[in-house]
Each structure stands twice: as structure tokens, then as C-alpha cells.
Amino acid sequence: MEKTPSYFVTKEAPARISSMSKGTKLIVVVRDPVTRAISDYTQTLSKKPDIPTFESLTFKNRTTGLIDTSWSAIQIGIYAKHLENWLLYFPIGQILFVSGERMISDPAGELGRVQDFLGLKRIITDKHFYFNKTKGFPCLKKAEGSSKPHCLGKTKGRTHPDIDQEVVQRLRDFYRPFNMKFYQMTGQDFGWD
Ligand SMILES: Nc1ncnc2c1ncn2[C@@H]1O[C@H](COP(=O)(O)OS(=O)(=O)O)[C@@H](OP(=O)(O)O)[C@H]1O
């Protein structure tokens with residue numbers, strides 16, 4: 001098993017993985033592309049505090065409202081486009097799409113789907129999680145090989161900066177047709193609108 005977020009958006013990845021093993025099962029975790037872009041920006045900001053604002057990076061031209069689709073934070077969220085590239089090499093049934101939102105609201109349910117997809121017994125269930133109010137996310141009651149609870153680290157679940165709501169709305173409008181196409185391709189409505 002191997003996990004690398006950038007595979008999904010790397011042009012050469014599907015051909016390479018397919019030539020290595022055609023039967024590879026693929027799992028893609030997707031979340032609302034607008035929140036994803038803000039999360040991506042928040043991660044960069046934590047490493048480089050001097051970068052321009054999210055609002056200024058979003059637009060090629062703020063006056064015309066032209067979005068800078070070459071900015072990776074925006075580009076990565078055009079899921080339909082990236083998926084097209086994978087479907088040239090893999091049947092859709094070989095890819096499981098996991099909802100990032102449901103990984104937070106119902107981690108056991110979403111991991112149930114993952115276990116079924118992988119042909120595993122449903123070992124991970126509701127009993128393994130609790131909601132940690134301080135972290136604001138679900139955490140494990142017991143970490144592997146330990147009797148202590150375990151939450152993900154500080155780099156997971158950062159507070160996002162407040163973004164101008166007009167910019168957020170403009171991004172929602174931008175992503176809508178791509179999201180619709182993605183729902184159609186996957187047969188799943190992720191409820192991002
Ligand atoms: N249980 C739990 N605890 C903490 N965080 C959780 C959890 N489940 C999902 N998330 C969301 O995971 C987001 C970070 O994952 P990434 O996709 O950035 O991870 S990766 O580094 O790309 O693998 C992270 O995004 P940010 O909130 O933007 O930090 C979280 O929203």
C-alpha cells in the first residue's frame with residue numbers, strides 16, 4: 001500500500017501505475033475544492049508566512065474576476081479533469097472516492113466503504129473513534145500498539161484564515177460545473193454546493 005496525494009494530479013502517474021500493475025486498487029480522498037484550496041494555502045502559509053493573500057493569489061485579474069487556474073491550490077480541485085486522465089488507464093470501478101467531509105463526520109462509515117472496497121473484514125468500526133472537542137476532529141480511542149487515545153498531529157486540522165466571502169462565492173461558481181461533472185463521472189453526489 002502506498003499513499004501520495006500528488007499522484008491524483010500527476011499526468012504521468014496513471015500510465016506508470018497501470019504498467020506496474022493493472023489491477024491496483026485506487027483510493028482518492030476528495031473534499032470541497034474551495035475548502036481544499038484554502039487548506040492548501042494555509043499549509044503553504046504555515047511554512048512561508050510572507051506569501052500574498054489567498055484573495056490576491058486566486059485571481060489573474062481581480063477586476064475582471066478571472067481566476068488563476070495555473071495556481072496549484074486552484075488547479076488540484078478540478079477533480080473531473082484529473083479523473084479523465086485516470087480513466088484512460090483504469091476502469092471507474094477500480095477507484096474508490098472517499099469523502100473528506102464524511103471522514104470527519106462519520107469516519108467509521110467511510111472506512112467501512114474502504115474496507116469493503118479492499119475486500120477486508122470490517123474491523124474498524126464506530127467503537128474505534130471518539131470526537132475530541134479540543135481537536136475538533138474524530139480521534140482514535142486507542143492508537144495501534146498502545147492503550148492511549150490518538151489524534152492526528154498539529155499539521156492536520158489547522159485553523160483556516162478568514163477569506164473574503166465574495167472570493168469564496170466566485171470560487172464556488174467556478175468549481176460548480178467541474179463538481180457536477182465529477183459527480184456524474186463517479187456516480188456520487190459529494191454535496192459541495
Ligand atoms: N480526524 C482528523 N483529524 C484531523 N484532520 C482531519 C481528520 N479527518 C480529516 N481531517 C482533515 O485532513 C486534512 C489534512 O489532510 P491532508 O490532505 O492535508 O493530508 S496530506 O498531508 O495531504 O496527506 C485536514 O485539513 P485542514 O483542516 O485544512 O488542516 C483536516 O480537515
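Worth saying up front: this structure is predicted, and the values here are computed from it rather than measured.

Take the site of the ligand next. In the vicinity of the ligand, 13 residues are found, and the nearest of them are K3, S39, K156, G157 and H160. One of the side-chain N or O atoms of R31 is found 3.0 Å from an oxygen atom in the ligand. One nitrogen or oxygen atom from the side chain of S39 is found 2.6 Å from an oxygen atom belonging to the ligand. With the chains in place, 76% of the 640 Å² that the ligand exposes on its own is no longer accessible. Looking at the shell around the ligand residue by residue, the classes come out as five nonpolar, three polar and five charged.

Moving on, we get to the pairing of strand β1 (residues 26–30). With burial as the criterion, only one face of β1 is covered, namely that bearing L26, V28 and V30; the residues I27 and V29 on the opposite face remain uncovered. With five bridges connecting them, β1 and strand β4 (residues 95–99) associate as parallel partners. Residue pairing in the sheet places V29 in a bridge with V98 of β4.

On to the state of the cysteines, then. This structure, assessed with the given rule, holds one disulfide. For C139, the disulfide goes to C151, at an S-S distance of 2.1 Å. Given an S-S torsion of about 105 degrees, the disulfide between C139 and C151 has right-handed geometry. Residue C139 is located in strand β6 (residues 137–140), and its partner C151 is located in the loop between β6 and α8 (165–186); the two are separated by 12 residues in the primary sequence.

The next subject is the UniProt feature "binding site: 3'-phosphoadenylyl sulfate" (unreviewed entry) in the protein. Within this numbering scheme, the UniProt entry marks R31, S39, K156, G157, R158, T159 and H160 as carrying the feature "binding site: 3'-phosphoadenylyl sulfate" (unreviewed entry). In this structure, R31 sits in the loop between β1 and α2 (33–47). Take R31: its relative accessible area is 28%, and that puts it in the partly exposed class. Dropping the residues within four chain positions of it, R31 is found in contact with R36, S39, Y79, G100, E101, H160 and W192.

This part covers the packing of helix α5 (residues 79–87) against α8. For the pair α5 and α8, interaxial distance at closest approach is 8 Å and the crossing angle is 35 degrees. On α8, the residues touching Y79, A80, L83, E84 and L87 of α5 are F178, K181, F182, M185 and T186. Looking at side-chain class alone, the contact of α5 with α8 contains seven nonpolar, one polar and two charged residues.

On to the environment of A15. Topologically, A15 is positioned in helix α1 (residues 13–20). Sequence-wise, A15 and L88 are 73 residues apart; in three dimensions their C-alpha atoms are separated by 8.5 Å.

Before going further, it helps to spend a moment on the UniProt feature "domain: Sulfotransferase" (unreviewed entry) in the protein. Per the UniProt record, "domain: Sulfotransferase" (unreviewed entry) is annotated on residues 18–176. A distance of 30 Å separates the end C-alpha atoms of residues 18–176, which is 41% helix and 14% strand.

Here the focus is the pattern of salt bridges. Two side chains with opposite charge may pair up if their charged atoms get near one another. Tallied over the full model, the rule gives nine salt bridges. For R62, the salt bridge goes to D164, with nearest N and O atoms at 3.1 Å. One end of the pair, R62, is in the loop between β2 (59–61) and β3 (66–67); the other, D164, is in the loop between β6 and α8, with 102 residues separating them in the sequence. Among the residues examined, R62 registers a relative accessible area of 45% and is labelled partly exposed. Given the relative accessible area of 32%, D164 is considered partly exposed.

Cut-off values and rules
- Residues numbered from 1 in each chain as written.
- Predicted model: local features only at pLDDT ≥ 70, side-chain atom pairs only at ≥ 80, totals over all residues.
- Heavy atoms only, no water.
- Near = heavy atom within 4 Å.
- Polar contact = N/O pair within 3.5 Å; in protein donor to acceptor, adjacent residues only side chain to side chain.
- Areas by Shrake-Rupley, 256 points an atom, 1.4 Å probe, with all protein chains shown as cover.
- Nonpolar A, V, L, I, M, F, W, Y, C, P; charged D, E, K, R; others polar.
- Buried < 20%, exposed > 50% of the residue type's maximum accessible area, 1.4 Å probe, protein only.
- Helix = DSSP H or I, 4+ residues; strand = E, 2+ residues; numbered from the N terminus.
- Pairing = 2+ DSSP bridges.
- Disulfide = S-S within 2.5 Å.
- UniProt positions renumbered as here; feature names shortened; annotations may be inferred.
- Contact = heavy atoms within 4.5 Å.
- Axes fitted to C-alpha atoms, helices over the stretch in contact; angles between N-to-C directions.
- Salt bridge = Lys/Arg side-chain N within 4 Å of Asp/Glu carboxyl O.

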